[in-house]
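Here is how the chains run, residue by residue.
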Amino acid sequence: MALPQAKQTATEARLAALTMPDAGCTRGAREDALARVLESGLPGRRDEYWKYTQPDSLISAEALPAAVFVNDEPVLFNDLDRLKIVFVDGVFSAEESDELSLDGVKIDRIEDICCKDIHWAKDLYGVLEARGQSPVQRPLAALNTAFASDGVAIHVTGKPSKPINLIYRHASPTSDAILHHVIRVESGAEVTILESGPAASRFNKCMEIEIADKGTLHHVRAQGRDHERRAATHMFTRLGAESVYKSFTLTANGVLTRNEQVVELTGDNAVAHVAGACVGDGDFHHDDTVFITHDAVNCESRQVFKKVLRNGATGVFQGKILVKEGAQKTDGYQISQSLLLDDDSQFLAKPELEIYADDVACSHGSTSGAIDETALFYLRSRGVPVKDATNMLTLAFLAEAVDEIEDNALADEIVSRLEGWLARRS
Amino acid sequence: MLEIKNLHVQLEEEDKQILKGVDLTVEAGKVHAIMGPNGSGKSTLSYVLSGRDGYEVTEGSATLDGQDLLEMEPEERAAAGVFLAFQYPVEIPGVGNMTFLRTAVNAQRKARGEEELSAADFLKEVRGKAKTLKIDADMLKRPVNVGFSGGEKKRNEILQMAMLEPKMCIMDETDSGLDVDAMKLVAEGVNALRDEGRGFLVITHYQRLLDHIKPDVVHIMADGRIVKTGGPDLALEVENNGYADILAEVN
């Protein structure tokens, strides 16, 4: 079926600005992905899945410029022992990165595997993204698979002694980055992946994660404080039996962010938790779009998303739990909440459940509200000044999402960023 | 110490007069009790003194040691020495009880220009005071009042009072929802704080609490006014005969 003219034109304009890298063993996947983009076209304002978020600036031929923000806070995760992999405006920086070697993992650059005809990542690159195109199309992810210019392939075979930190540095006000990472966690292996920084003026990132039986992956990300940057990210995760995936994202500022999480529980007794805390001010627009598919018995999924919005900021949550036939004993939980600090901000939520098994427990809730006046008075009546009391209650609101981070040191770092955000705005 | 003169208060959102000229003076070192039937304005008086939104003072004054309370924000009143023990202590998920207490203590010290308590000194003090009130370490770690029983919530109020060391303690139906043992514990906590420099205003429906916290003065409040004032015997009279006789006599 032919695409609507406007979509066709926009898609062609974007594709004309891109060149597919010389791709070796990822060539087939890239060409297939390009075919998907051509078939679906890039997202448009009239697409149901983009009802609350305008995709125009994410699909335009050129990225809109974004001033480079100079962060006065200490570097995130700086006090942790971690393996640093640094990308500047979406380009790997060997100089700033650590040696890519660590016991229990093997790390390759996508560029290197592109030169090879045989590599484990060939069976993953573009594969989960392609699976994630149904029942909802995600053309920006397909575009990413086709044109990603850099990224890493992380093969986790053991339990590395420290987290791997993907650090994204934004250096040029006109940068436009497309990164694609693939991660395979082998049976019984366990890894923590950290992501930090704003990456580029416009950032399209795709991460495909496959966790084999009894494997564990923890993911904590903080998207940086750049005010003008735009980002569309996708995480596609497939879980085997008894495997665990726990992901948390902090978003503070950024004019436009769309974070998609597509999770498939394909082995029995698997656990997937995705959580996010976002704080936004003014023309901030933040969209969490989550799609969790239960396709095995006795699996657990949790979605916990909290947004604090002020001065006209917009928060979006689209979250779906799909329980397939036969996925009995599913335990699915979803909560999305916003705290609106004034009358100008808005929260748009679309929670969905679609269940085809008859022995499951699924719940979802979505709320939007202001600071609890009774609690505020209680704190003030004990002598806590109104601003401090408001900040305490705001942090308390975000706590349920932050509590999803298992590692206390990581959780403390995230809380300190939230405190910083609140203090700057008090 | 606390001086209330001809206080008239109405609800902000509707044109309803609640307090219609309250006159009351609480001296330092004294315990005053206010009793009265439902709807007489007792709780409103406690809220107006502590600065809760939603009330409009149309006439009269309330001062603490000469400072005009009605001009102050709730946190300023707290720093000046006003403490309200809530009838229904508020649950605050996500805020640890200990963090809350320490923030409150230090905010008040800061407001008064005093040095903040160090973490170690604070911990030592809170542990000692919690022990007397039979508040265990677990309760201190939990979020403020979340999952606390009725008795635990009220003991937590008294612990806050003990830590903040206010000049003027206002207790709004602290006995409601308490069994006899819990009430004794709360009363012991309050009695331990009785001091020459500190005044108490104890609001209650029943004489029962006053068996344990012996008042110096008892007031009867009805229809937004103090209609009768007497010694501890007045509370007994209420207990035996109800409010009807007193109100009939006043009218």
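Note: the structure precedes this text.
### Some details on the overall build of chain A
Helix and strand counts for chain A stand at 9 helices and 20 strands. Against the 2.2 N^0.38 benchmark of 22 Å for 426 residues, chain A shows a C-alpha radius of gyration of 21 Å, consistent with a compact globule. Counting the 426 residues in chain A, one finds 60% classified as buried. Across chain A, every contact between residues at least 6 apart in sequence was considered, and the portion connecting residues at least 24 apart equals 84%. For chain A, the computed accessible surface area is about 16,100 Å², with 48% contributed by carbon and sulfur atoms. Of the charged side chains in chain A, 44 are positive and 65 negative; the average position of the first set lies 2 Å away from that of the second.

### So, the overall build of chain B
Counting its regular elements, chain B contains 9 helices and 12 strands. Seen through its C-alpha atoms, chain B measures out along the principal axes to roughly 55 × 40 × 35 Å. Looking at chain B as a whole, 51% of its 251 residues qualify as buried. In chain B, the share of contacts with a sequence separation of at least 24, taken over all contacts with a separation of at least 6, comes to 69%. Working note: accessible area of chain B is about 11,100 Å², and carbon and sulfur atoms make up 45% of it.

### Concerning the pairing of strand β1 (residues 83–88) of chain A
Residue and element names in this part refer to chain A. Counting buried positions along β1 yields 5 of 6 residues, so the element is predominantly enclosed. Taken together, the 6 bridges between β1 and strand β6 (residues 164–169) define a ladder with parallel strand orientation. Paired with K84 across the two strands is N165, which belongs to β6. Two strands pair when backbone bridges link them, and β1 and strand β2 (residues 91–92) are joined in this way by 2 bridges, in the antiparallel orientation. Within β2, the position partnered with F87 by the bridge is F92.

### A look at the environment of E99 of chain A
Residue and element names in this part refer to chain A. Within the fold, E99 resides in the loop between β2 and β3 (101–102). Taking the relative accessible area as the measure of exposure, E99 reaches 65% and is therefore exposed. Spatially, the C-alpha atom of E99 lies 34 Å from that of L64, the residues being 35 residues apart in sequence.

### As for the pattern of salt bridges
Should their charged atoms come close, side chains of opposite charge can pair. All names here are of chain A. Taken as a whole and assessed by the stated rule, the structure comprises 45 salt bridges over all chains. The partner of E48 in a salt bridge is K350, and the shortest N-O contact between them spans 3.2 Å. With a gap of 302 residues between them, E48 in the loop between α2 (27–40) and α3 (56–59) and K350 in strand β19 (residues 346–355) connect regions that are remote in the sequence. The class for K350 is partly exposed, based on a relative accessible area of 23%. Residues participating in the shared-partner salt-bridge network are D72, E73, R225, R417 and R424.

### Structural notes on the interface of chain A and chain B
With 16 residues of chain A at the contact, the number on the chain B side is 31 residues. Summed over both partners, the interface of chain A with chain B comes to about 1,800 Å²; 69% of that surface belongs to carbon and sulfur atoms. Where chain A packs against chain B, one counts 3 salt bridges. Summed over the shared surface of chain A and chain B, the result is 10 residue pairs in polar contact (both at pLDDT 80 or more). Every element with two or more residues in the side of chain A that touches chain B is listed here: α7 (373–381) and α8 (386–402) of chain A.

### Comments concerning the nonpolar core
Judged by nonpolar contacts, the single largest core of 115 residues is most densely connected at F248 of chain A together with L201 of chain B. The greatest single-element share of this core, amounting to 8 residues, is contributed by α8 of chain A. By size, the runner-up hydrophobic cluster in this structure holds 48 residues, among which are I107, I209, V263 and V274 of chain A.

### As for the pairing of strand β8 (residues 190–196) of chain A
Residue and element names in this part refer to chain A. When you tally the buried positions in β8, you get 5 out of 7 residues, the bulk of the element. In this sheet, strand β10 (residues 216–222) lies alongside β8 in parallel orientation, the contact comprising 7 bridges. Directly across from E190, in β10, lies its bridge partner T216.

### Observations concerning the side chain of T289 of chain A
All names here are of chain A. Secondary-structure assignment places T289 in strand β15 (residues 285–294). A relative accessible area of 0% means that T289 is categorised as buried. Of note is the side chain of T289, whose polar atom sits 3.1 Å from the side chain of Q318. In contact with T289, not counting residues within four places along its chain, are Y49, R258, N259, E260, Q261 and Q318.

### Topic: the sheet that holds β19 of chain A
Through backbone hydrogen bonds, the strands of a sheet pair up, either in parallel or in antiparallel fashion. Residues and elements named next belong to chain A. With respect to topology, 10 strands assemble into an open sheet ordered β3-β4-β5-β7-β9-β11-β13-β15-β17-β19, the strand pairing being mixed. The sheet is open, and its two borders are formed by β3 and β19, each paired with just one other strand. Where strand β5 (residues 152–156) and strand β7 (residues 176–185) come together, 4 bridges link them in parallel fashion. Across the sheet, I154 pairs through a bridge with I183, a residue of β7.

### A closer look at the packing of helix α3 (residues 97–111) of chain B against helix α6 (residues 150–164) of chain B
Residues and elements named next belong to chain B. For the pair α3 and α6, interaxial distance at closest approach is 10 Å and the crossing angle is 30°. The element α3 and its partner α6 pack so that their crossing is right-handed. In this structure, α3 uses N97, F100, L101, A104, V105 and Q108 to contact α6, whose residues at the interface are N156, L159, Q160, M163 and L164. Tallied by class, residues from the contact of α3 with α6 come to 7 nonpolar, 4 polar and no charged.

### Observations regarding the packing of aromatic side chains
Under the counting rule described, the total for this entry stands at 8 aromatic pairs over all chains. An angle of 35° between the planes, with centres 6.1 Å apart, marks the rings of F87 of chain A and Y168 of chain A as tilted. A residue pair is termed long-range when its members are at least 10 positions apart, and F87 of chain A in strand β1 and Y168 of chain A in strand β6 qualify at 81 residues. On the basis of relative accessible area, Y168 of chain A is assigned to the buried category, the value being 4%. Where Y378 of chain A meets F100 of chain B, the ring centres are 5.8 Å apart and the plane angle is 20°; that geometry is what we call stacked. With Y378 of chain A in helix α7 and F100 of chain B in helix α3, this residue pair bridges two chains. Ring pairs connect the aromatic residues F87, F92, Y168 and F203 of chain A, which therefore count as one cluster. Above the ring of Y49 of chain A, the side-chain terminus of R258 of chain A is found at 5.2 Å from the ring centroid. R52 of chain B extends its terminal NZ or CZ atom over the ring of Y47 of chain B, reaching a point 4.6 Å from the ring centre.

Conventions and cut-offs
Residues numbered from 1 in each chain as written. Chains lettered and ligands numbered in written order. Predicted model: local features only at pLDDT ≥ 70, side-chain atom pairs only at ≥ 80, totals over all residues. Heavy atoms only, no water. Helix = DSSP H or I, 4+ residues; strand = E, 2+ residues; numbered from the N terminus. Rg over C-alpha atoms; globule rule 2.2 N^0.38 Å. Buried < 20%, exposed > 50% of the residue type's maximum accessible area, 1.4 Å probe, protein only. Contact = heavy atoms within 4.5 Å. Areas by Shrake-Rupley, 256 points an atom, 1.4 Å probe, with all protein chains shown as cover. Lys, Arg positive; Asp, Glu negative; His and termini not counted. Charge placed at Lys NZ, Arg CZ, Asp CG, Glu CD. Pairing = 2+ DSSP bridges. Salt bridge = Lys/Arg side-chain N within 4 Å of Asp/Glu carboxyl O. Buried area = accessible area lost by both parts, 1.4 Å probe. Polar contact = N/O pair within 3.5 Å; in protein donor to acceptor, adjacent residues only side chain to side chain. Core = buried A, V, L, I, M, F, W, Y, C linked by side-chain atoms within 4.5 Å. Axes fitted to C-alpha atoms, helices over the stretch in contact; angles between N-to-C directions. Left-handed = near helix turned anticlockwise from the far one by under 90°. Nonpolar A, V, L, I, M, F, W, Y, C, P; charged D, E, K, R; others polar. Phe/Tyr/Trp six-rings, centres within 6.5 Å; stacked < 30°, edge-to-face > 60°. Lys NZ or Arg CZ within 6 Å of the ring centre and 35° of its normal.

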